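# Residue-level structural notes
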Amino acid sequence: MLAPPNTIGRRCTVGSPDAGPAADRRAVVIAALVAGLLGGHGIAMPVGAVATYLVALTARTSLKVGVCAALGVATADGLYALIAEAGGSALARATR
């Protein structure tokens, strides 16, 4: 299908009258993707006592101190998870 003569040589951008349905679909998909990423990030990031403390600590000191504290918290959480998994596994074997 040939383009109308007034559009030959012009560049089509999203939102322009010449863009067509494919560009409109692309803009809708990109907007939905960005909205989903922002919404998912907000839901996935729990704001509890420790997270609030880390934000306050970082604000009072520096980013380096905040990152180190966050890594310490993540390490402690990982160790708690490892202990819980090992304990649950041992308990499952003992009850067989």
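Residues numbered from 1 in each chain as written. Predicted model: local features only at pLDDT ≥ 70, side-chain atom pairs only at ≥ 80, totals over all residues. Heavy atoms only, no water.

### Some words on the overall build of the protein
This is how the line gets drawn: Elements are defined by DSSP. Helices are runs of H or I of four residues or more, strands are runs of E of two residues or more, and each kind is numbered from the N terminus. Note on exposure labels: buried denotes an accessible area under 20% of the residue type's maximum, exposed denotes more than 50%, and partly exposed covers the range between, all computed with a 1.4 Å probe on protein chains only. A 1.4 Å probe and the Shrake-Rupley method give the accessible areas. Residues count as covered only by the protein chains that appear here.
The helix and strand inventory of the protein stands at three helices and zero strands. Reading the protein from its N terminus to its C terminus gives the helix and strand order α-α-α. Taking all 96 residues of the protein together, the buried fraction comes to 6%. Accessible surface computed for the protein: about 7,900 Å², of which carbon and sulfur atoms make up 72%.

### Description of a nonpolar patch on the surface
Counted only if it meets this: Like charges are joined within 9 Å and nonpolar side chains (Val, Leu, Ile, Met, Phe, Trp, Tyr) within 5 Å, but only among residues with over 30% relative accessible area and no salt bridge; these make up the patches. Note on definitions: salt bridges are taken to be side-chain nitrogens of Lys or Arg within 4 Å of carboxyl oxygens of Asp or Glu.
Side chains of Ile30, Val34 and Leu38 sit close together on the surface and give an oily, nonpolar patch of about 290 Å² of accessible area. What makes valine 34 partly exposed here is its relative accessible area of 43%.

### Here we look at the confidence of the model for the protein
The test is simple: What pLDDT reports is the predictor's confidence in each residue, on a scale of 0 through 100.
Per-residue confidence for the protein averages 83 on the pLDDT scale, and 79% of its residues sit at or above 70. No element of the protein has a lower mean pLDDT than helix α1 (residues 20-44), which averages 85, and none a higher one than helix α3 (residues 63-94), which averages 95.

### Quick notes on the packing of helix α2 (residues 49-60) against α3
Our working definition: What counts as an axis is a line fitted to C-alpha atoms, over the stretch in contact for a helix, and the angles between N-to-C directions run from 0 to 180 degrees. The labels follow the angle: roughly parallel below 35 degrees, roughly antiparallel above 145, roughly perpendicular from 65 to 115, and oblique for the rest. Note on convention: near helix rotated counterclockwise from far helix by under a right angle means a left-handed crossing. Clockwise means right-handed. Working rule for contacts: check all heavy atoms of both residues, and any pair within 4.5 Å makes them a contact.
The contact between α2 and α3 brings their axes to 8 Å, and the two run at 160°. Relative to α3, the element α2 is oriented roughly antiparallel. The crossing of α2 and α3 is right-handed. Where α2 abuts α3, its residues Val50, Leu54, Leu57 and Thr58 lie against Leu63, Val65, Gly66, Ala69, Ala70 and Val73.

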